[in-house]
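# Structural characterization, general
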Amino acid sequence: MDVTHPDAEFRAFLVAGRFMIQRSKSSRVHVFYPRAVAPGTGARDLEWVEASGRGVVYSTTVVRKKPPEPSYNVALIDLAEGPRMMSRVEGVEPAAVAIGMAVQARIVDQHGEPVVVFDAVEPAA
Amino acid sequence: MNDFPRGRTAIVGAATFGQGKAPGYEASDLAAIASAMALEDAGLSLADVDGLFFCHPTDTMGGLSFAQYLGIRPKVTDNNRTGGSAFQTYVEHAAYLLDAGAIDCALIAYGSNQATATGKLVSTVQPMRYEAPYRPLNPVSSYALAAARYMHQYGATREQLGAVALAARKWAMLNPEAFKRDPLTMDDYLASRMVSDPLSVLDCCLVTDGAAAVVMTRADRARDLKRAPIKVLGAAAESHHREIGWLDDLTVTAAARSGARAYQRAGLTPADIDVVQVYDAFTINTILFLEDLGFCPKGEGARFVEDGRIAPGGALPVNTNGGGLSCCHPGMYGLFPIVEAVRQLRGEAGDRQVADASFAIAHGNGGVLSSQATVILGAAAT
């Protein structure tokens, strides 16, 4: 699949329930966020590939709000394919999100916009 | 080969104005007053200025607006906006342009009325499309992510971040121009309201008004002026990313590379530096930059700042004006460390004067640890 409109195509995939990232055909390096040109090489050979959705929390913070507005998590997630993205980890208290935590992507609807968030993954027994 | 005109240009005038609250002035008024003061300090006039290096807090064509305000027609108008590090890059670029003879007199200026105008950080920056849905409270959250990673990797503590805030306040208490001069204790620090974990209100720079300006010319011309010239020995910059997620290792900034190049150009090492000014937008910055600029090994910065080592009377004087944490932070702070370095090297820093200061470093940071730029200055006798 050639990339002609990176952001629009990314969003269309999300609407269809698919979390897609890019990969450069020449370098095999994965890329996020969506672009028309591969960073570092300038190659115009980015293609869409399905992200595994697996990731690890690289860093995390809690944005503190005045109650009753809830405080919330903001995290940097290192995707299994290599790129890092900002997101949040849901399903646990914001302050319980920990660096090194294994997480799995999920697409949620946020005010009508599809957004990639992550859930903590129970470590395998 | 040294590609930098080491010591061949100098800062010959420097001024600050309106640090804290300066009601009734527009940003350009404040910058213009500081500019006039810096030119007066140098014994020069607006008519001498043929290179203007300026960015305005909200006007992206502010370089043109400010030249118009001053009634000058610069041959070079540098309106580069790499955030708070822009001013260090102005010094670097002005040194090359002066040395090449393209210009004879550079005016570097900044002013902001953000505190009295809006009471909060003024920014023209648009949220990044792939960050915005997660609502980071920027810039705090980006620095918080760096601080959290640093604490995770090196076992640093909140008390060690607090040591940076306390040292800044102690210096500010010696600086009559500083905005925050009331005593600050570790208990105060630890009890302060969390904003974006692990950073609390007292880890964050102030929101103030303020203006600063410096005047640069070639060293041969500088000898005939009013003030002892402060030599520009080295300067270098490196930009790395825009959003924090694209900093490869959140504990290592491009200051490691801008600093190394600036030292190489100056022919100096960290051991030669008598006084250190770094852009402390947040407490974690001071720790990261002390490491990246070579004052201690990576991962030891948090221990390095303990026990008052960077406070008045400590082994390494850091941010002697009180820094962005306690002196002033009018949106972009990078020019203030340069002015403070000049004052220390002139020996005019009053109660906070560092004895026998010959070499100073003034490091700027832009964005979210994104753009790093380092200037190394030497006293007239160096």
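The present account deals with the structure reproduced in this document. (Residues numbered from 1 in each chain as written. Chains lettered and ligands numbered in written order. Predicted model: local features only at pLDDT ≥ 70, side-chain atom pairs only at ≥ 80, totals over all residues. Heavy atoms only, no water.)

### Describing the packing of helix 5 (residues 140–154) of chain B against helix 10 (residues 283–292) of chain B
All names here are of chain B. Relative orientation of the contacting elements helix 5 and helix 10 amounts to 60°, with a least axis distance of 10 Å. Looking at the two axes, helix 5 sits oblique to helix 10. Of the two elements, helix 5 crosses helix 10, and the hand of that crossing is left-handed. Residue-level contacts link Tyr143, Ala147 and Tyr150 of helix 5 to Ile284, Asn285, Ile287, Leu288 and Glu291 of helix 10. Tallied by class, the residues present in the contact of helix 5 with helix 10 amount to six nonpolar, one polar and one charged. (Axes fitted to C-alpha atoms, helices over the stretch in contact; angles between N-to-C directions. Helix = DSSP H or I, 4+ residues; strand = E, 2+ residues; numbered from the N terminus. Parallel < 35°, antiparallel > 145°, perpendicular 65-115°, else oblique. Left-handed = near helix turned anticlockwise from the far one by under 90°. Contact = heavy atoms within 4.5 Å. Nonpolar A, V, L, I, M, F, W, Y, C, P; charged D, E, K, R; others polar.)

### Let's talk about the sheet that holds strand 10 (residues 359–366) of chain B
Residue and element names in this part refer to chain B. Pairing is mixed in the open sheet, where nine strands are placed in the order 3-2-4-7-1-8-11-10-9. Whereas interior strands pair on both sides, the edge strands pair on one side only; in this sheet they are strand 3 (76–78) and strand 9 (275–278). This sheet shows a mean twist of 20° between the axes of neighbouring strands, independent of strand direction. The sheet contact formed by strand 1 (residues 9–20) and strand 7 (residues 209–218) spans nine bridges and is antiparallel. In the sheet register, Thr16 faces strand 7, and the bridge partner there is Ala212. Sheet contacts for helix 9 (residues 255–266): strand 8 (230–239), strand 10 and strand 11 (371–378); angle to strand 8, the most-contacted strand, approximately 150°. Where helix 13 (residues 335–346) meets the sheet, it contacts strand 1, strand 4 (105–112), strand 7, strand 8, strand 9, strand 10 and strand 11, and its direction lies at approximately 115° from that of strand 1. (Pairing = 2+ DSSP bridges.)

### A look at the interface of chain B and chain A
Taken residue by residue, the interface counts 27 residues in chain B and 29 residues in chain A. Across the interface of chain B and chain A, roughly 2,400 Å² is buried in total on both sides, 56% from carbon and sulfur atoms. Counting the surface chain B buries against chain A, the share from its top three residues, Tyr130(B), Tyr134(B) and Leu145(B), is 33%. A salt bridge links Asp7(A) to Arg129(B); the shortest N-O distance between them is 2.3 Å. Taken together, the connections running from chain B to chain A amount to 18 residue pairs in polar contact (both at pLDDT 80 or more). (Buried area = accessible area lost by both parts, 1.4 Å probe. Salt bridge = Lys/Arg side-chain N within 4 Å of Asp/Glu carboxyl O. Polar contact = N/O pair within 3.5 Å; in protein donor to acceptor, adjacent residues only side chain to side chain.)

### Points about unusual backbone geometry
Cis peptide bonds are those with omega within 30 degrees of zero, and the linkage from Phe32(A) to Tyr33(A) qualifies with 15°. Note that Tyr33(A) resides in the loop between strand 2 (30–31) and strand 3 (46–50). Backbone torsion omega between Asp197(B) and Pro198(B) reads 0°, so that peptide bond is classified as cis. Tracing the sequence through the fold places Pro198(B) in the loop between strand 5 (194–196) and strand 6 (199–200). Even without a glycine there, the phi angle at His111(A) is positive, about 50°.

### Structural notes on the sheet that holds strand 2 of chain A
Residue and element names in this part refer to chain A. Ordered by their spatial adjacency, three strands build an open sheet running 2-1-3, and the pairing between neighbours is antiparallel. Among the strands making up the open sheet, the edge pair consists of strand 2 and strand 3. Bridge count between strand 1 (residues 20–24) and strand 2: two bridges; the pairing is antiparallel. What sits directly across from Arg23, in strand 2, is His30. Against the sheet, helix 1 (residues 6–15) contacts strand 1 and strand 3, and its axis sits at roughly 15° relative to strand 3.

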